[in-house]
Amino acid sequence: MKNYLWLVISLFSLLLYPVTASGHASVISSNPSPNESMDTLPEKISIQFSENIQPAFHSLEVFSQDGDKIQIQDSTISEQSEKILEAKWKGTLDEGIYNIKWRVVSSDGHPIEGTIPFQFGDSAGLSDQENPEMNAGFPNSINVFLQSLQYISFAALTGILFFQLSLMKDSRLFEASRRARLYLWLSYAGLAFSIFFSLPLKVTIDAGVGWTDAFNVSYIKEVLNATNFGAIWIVEILILLFLFLVIYFMLENSLNKSLPYLSFIIIVSLMVCKASIGHTAAVPNQVLAVLMDFLHLLSMALWLGGLMALLVILPGLADRQTEDKKTFYWSIIQRFTRWAFLFVIILIVSGIYSSLQHVPTIHSLLKTTYGQLLLAKVGLMLVMIVLGAFHFFRGKKKEKKLGYSVGVEFGVGIVVLLVAALLTNVQTAMSSPGPIEKTLMTAENNEVTLMVTPNEVGENRIQVNISNDEGMPYTEVEQLTIIMEPVDTGGGEIKLQLQGENTGTFTSKSILTMSGKWKIQVHGLTESLDSIDADFTILVGNS
């Protein structure tokens, strides 16, 4: 038991050391660029994003300062790259200030929109805007409800089947308990409802329309034919129909031992579908991300679903036992507790991996909505683990039934699923990594520290500190050059040259023009013409 607890504690501690990955798509370059003043129009408007965009529900519109709509051709995804949205002009523009309004659905299925202001010709100058406006939105209550219902239904279905196959080990469960049959069908109904209505909900989100247009045939066709979600939704509906038939025949023929296993496998396949959409679509190693997300969902469903079965099914079955009721009751509890430890380990490992993909820094963990929700989820799961340990020790004594504490553990688990529903829909913490401070050791044993504040698109303070092998400021640097270049586009190089001040500290201000990964090369030249070189890679936020 002690070894289990130490493993749990050690794995949870790793959550404090996240690394980088991806979030919703963000604009990394555009033509016209934000706040650009130009005398000649480009051949077409183009916006490049940090990840692929889906071919459904994208748009580009141009408005004058007075709000008049400028005629341009329909937006298209570039043949050169699925990360680029473009549209050609239909004519010329008068001198003035204009706003490009864009909207896309990113590869993780979340719609984002924004505005890019620019000036054409000689006219009154643009108002000072630090960044182009971008909005990723926050999940609405219906979205959260359907996501939560789907998670709870997954837990209920897997829990009752797990109870039969691994805890009770008796194929006659549904024959012996009418409550178990009702529980199974209600769980299926909840899952079917949540999956079916996820399509019209997706229409309202992606198309930006109300529920009166949610069943519009053209909108539904566009979702089904031109989004990742649409293809997976069709597969889910087919699997649901198959699951209905298997459950029906399983209940009609309780002696068939293969049908419960088949039902479980079908539900697991639906979980794989669920894990294939959302934030996992935007990470570099998508296969591993989907696998970890699936394992996280499955282990949570089995843990919480097992608790549901213990609360709803076990008491009635124990009362019907003709022999030792107490022995039957506690044998089921002890079997579940052993399994629960395995579920906790899988939850922690898969949760850590998923967190590392979406939380780049401690700052983003503490300061972003995604990070704060993640911390809340971790805290709630710790409460569940403590309650589970309490039940383990109480089960060894076999004195009293578990009582209200199991209900508390189950209630906390439901809240965990609500938080998980929010996490799948809010923008990840990648958009706000916060101020960066990185230190590298050069070949000459000099220590070079780079600091970028606030580390987001717009004006930033760049500071470089150089110290010798004894940790003292290196004062012999005559000249320091910094070359900054975005990694994703390979263009837009920014070069800064700073003179030394005999303090080992160099500072400057510079505009970082886009979010995403940047390569920063630091080159110092000493009085004796020796070089000090260090290469950094940082992640720049967009908020």
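The numbering scheme is per chain: residues are counted from 1 as the chain's sequence reads. Note on the predicted model: pLDDT of at least 70 is required for a residue's local features to be given, and 80 or more for side-chain atom pairs to be given and counted; whole-chain, interface and lining totals, by contrast, use all residues. Hydrogens and waters are ignored; side-chain quantities use all the structure's heavy atoms.

Overview of the sheet that holds strand 13 (residues 458-467)
Okay, step 1: An order of 11-12-13-16 is seen for the four strands of this open sheet, with the pairing classed as antiparallel. Single-partner strands in this sheet number two, and they are strand 11 (436-441) and strand 16 (505-512). Strand-to-strand, the axes of this sheet are offset by a mean angle of 20 degrees, without reference to chain direction.
Okay, step 2: Of the strand pairs in this sheet, strand 11 and strand 12 (residues 447-453) are connected by six bridges, and their pairing is antiparallel. DSSP-based pairing: two strands are paired if at least 2 bridges between them are found. Under the scheme used here, helices are H or I runs from DSSP no shorter than 4 residues and strands are E runs no shorter than 2 residues, and both carry numbers assigned from the N terminus. Lines fitted to C-alpha atoms define the axes, with helix axes restricted to the stretch in contact, and inter-axis angles between N-to-C directions lie between 0 and 180 degrees.

Overview of the confidence of the model for the protein
Okay, step 1: Confidence of the predictor at the level of single residues is given by pLDDT, which spans 0 to 100. Averaged over all residues, the pLDDT of the protein equals 80, while 85% of them reach at least 70.
Okay, step 2: Here helix 1 (residues 2-13) is the element of the protein with the lowest mean pLDDT, 40, and helix 7 (residues 228-252) is the one with the highest, 93.
Okay, step 3: The contact definition used throughout considers only heavy atoms, calling two residues in contact when any of these lie within 4.5 Å. Low pLDDT, under 50, characterises residues 128-135; the stretch is placed with 21 contacts to residues that sit more than four places away or in other chains.

Focus on the pairing of strand 12
Okay, step 1: With respect to burial, strand 12 is a largely interior element, five of its seven residues being buried.
Okay, step 2: In this structure, the hairpin formed by strand 11 and strand 12 is closed by a connection of five residues, where asparagine 445 is found at a positive phi of approximately 65 degrees.
Okay, step 3: Taken together, the seven bridges between strand 12 and strand 13 define a ladder with antiparallel strand orientation. Within strand 13, the residue paired with threonine 453 across the bridge is arginine 461.
Okay, step 4: The hairpin turn running from strand 12 into strand 13, its antiparallel successor, is four residues long, and asparagine 455 in that turn takes a positive phi close to 65 degrees. Classification of residues uses two cut-offs on accessible area relative to the type maximum, computed with a 1.4 Å probe and protein chains only: under 20% is buried, over 50% is exposed, and between them is partly exposed.

A short note on a negative patch on the surface
Okay, step 1: Residues with no salt bridge and a relative accessible area higher than 30% make up the patches, which join like charges within 9 Å and nonpolar side chains (Val, Leu, Ile, Met, Phe, Trp, Tyr) within 5 Å. Exposure was quantified through the Shrake-Rupley algorithm and a 1.4 Å probe, taking into account, for residues, occlusion by the shown protein chains and nothing else. In the sections that follow, a salt bridge refers to a side-chain nitrogen of Lys or Arg positioned within 4 Å of a carboxyl oxygen of Asp or Glu. A residue counts as positive if it is Lys or Arg and as negative if it is Asp or Glu; His and the chain ends are not included. Taken as the charge centre is NZ of Lys, CZ of Arg, CG of Asp or CD of Glu, depending on the residue. A cluster of acidic residues, Glu444, Glu476, Glu478, Glu527, Asp530, Asp533 and Asp535, forms a negative patch on the protein surface.
Okay, step 2: By the secondary structure assignment, aspartate 530 is in the loop between strand 17 (516-526) and strand 18 (531-540).
Okay, step 3: Its relative accessible area of 45% is what places aspartate 530 among the partly exposed residues.

Quick notes on the packing of aromatic side chains
Okay, step 1: Pairing of aromatic side chains requires ring centres within 6.5 Å, counting the rings of Phe and Tyr and the six-membered ring of Trp. Pairs whose planes differ by under 30 degrees are stacked, by over 60 edge-to-face, and all others tilted. This model, assessed by the stated rule, comprises 14 aromatic pairs.
Okay, step 2: Summarising the aromatic geometry, the rings of tyrosine 248 and phenylalanine 249 are spaced 5.4 Å apart at their centres and angled 80 degrees between planes, so their arrangement reads as edge-to-face.
Okay, step 3: We classify phenylalanine 249 as partly exposed; its relative accessible area is 47%.
Okay, step 4: Linked through ring pairs, Phe193, Phe196, Phe197 and Trp233 together constitute an aromatic cluster.
Okay, step 5: Two conditions define a charge located above a ring, namely a distance within 6 Å from the ring centre to NZ of Lys or CZ of Arg, and an angle within 35 degrees of the ring normal. Between lysine 101 and the ring centre of phenylalanine 63, over which it is positioned, the NZ or CZ distance is 5.1 Å.

Quick look at helix 9 (residues 286-312)
For an α-helix, 3.6 residues make a turn, and residues three or four places apart therefore share a direction.
Okay, step 1: What a helix should span is 1.5 Å times the count of its residues minus one. Between the first and last C-alpha of helix 9 there are 38 Å, a value that for 27 residues agrees with the 39 Å anticipated at 1.5 Å per step.
Okay, step 2: Buried residues dominate helix 9, accounting for 19 of its 27 residues.

Considering the packing of helix 2 (residues 141-168) against helix 8 (residues 258-275)
Okay, step 1: Between helix 2 and helix 8, the least distance of the axes is 10 Å, while the angle of their chain directions is 155 degrees. Taken together, the axes of helix 2 and helix 8 are roughly antiparallel relative to one another. Here helix 2 runs over helix 8; the crossing is left-handed. In this structure, helix 2 contributes Gln147, Gln150, Tyr151, Phe154, Leu157, Thr158, Leu161, Gln164 and Leu165 to the contact, and helix 8 contributes Pro260, Tyr261, Ser263, Phe264, Ile267, Leu270, Met271 and Lys274. Relative orientations are named as follows: roughly parallel for angles under 35 degrees, roughly antiparallel for angles over 145 degrees, roughly perpendicular for angles from 65 to 115 degrees, and oblique for any other angle. A crossing counts as left-handed when the near helix is turned anticlockwise from the far one by less than a right angle, and as right-handed when that turn is clockwise.

Notes on the nonpolar core
Okay, step 1: In this structure, Phe163 and Trp303 are the most contacted members of the largest nonpolar core, which totals 98 residues.
Okay, step 2: Among the elements that line this core, the one with the most residues is helix 9, at 13 residues.
Okay, step 3: Among the nonpolar cores identified, the runner-up in size contains 26 residues, and Ile28, Val464, Leu512 and Val522 belong to it. Residue types Ala, Val, Leu, Ile, Met, Phe, Trp, Tyr and Cys, when buried and joined through side-chain atoms within 4.5 Å, form a set referred to as a nonpolar core.

Thoughts on helix 8
Okay, step 1: Compared with the 26 Å implied by 1.5 Å per residue over 18 residues, the 26 Å span of helix 8 between its first and last C-alpha is a close match.
Okay, step 2: Restricting attention to buried positions, one finds in helix 8 the residues Leu259, Pro260, Ser263, Ile266, Ile267, Val268, Leu270, Met271, Cys273, Lys274 and Ala275.
Okay, step 3: Check the buried side of helix 8 and you find it contacts helix 2, helix 4 (178-196), helix 7 and helix 9.

Quick look at the packing of helix 2 against helix 11 (residues 325-358)
Okay, step 1: Running from N to C, helix 2 and helix 11 cross one another at 110 degrees; their axes reach a closest spacing of 10 Å. Considered as vectors, helix 2 and helix 11 are oriented roughly perpendicular to each other. Our pair here, helix 2 against helix 11, has a crossing hand that is right-handed. Together, Phe162, Phe163, Ser166, Leu167 and Met168 of helix 2 and Ile332, Arg335, Phe336, Trp339 and Phe343 of helix 11 make up the contact between the two elements.
Okay, step 2: Each residue is assigned to one of three groups, with Ala, Val, Leu, Ile, Met, Phe, Trp, Tyr, Cys and Pro labelled nonpolar, Asp, Glu, Lys and Arg labelled charged, and all others, Gly among them, labelled polar. Taken together, the residues that form the contact of helix 2 with helix 11 break down as eight nonpolar, one polar and one charged.

So, a nonpolar patch on the surface
Okay, step 1: Side chains of Ile142, Phe196, Trp211 and Phe215 sit close together on the surface and give an oily, nonpolar patch of about 380 Å² of accessible area.
Okay, step 2: Inspection of the secondary structure assignment puts tryptophan 211 in the loop between helix 5 (198-207) and helix 6 (217-226).
Okay, step 3: The partly exposed category is assigned to tryptophan 211, whose relative accessible area is 35%.

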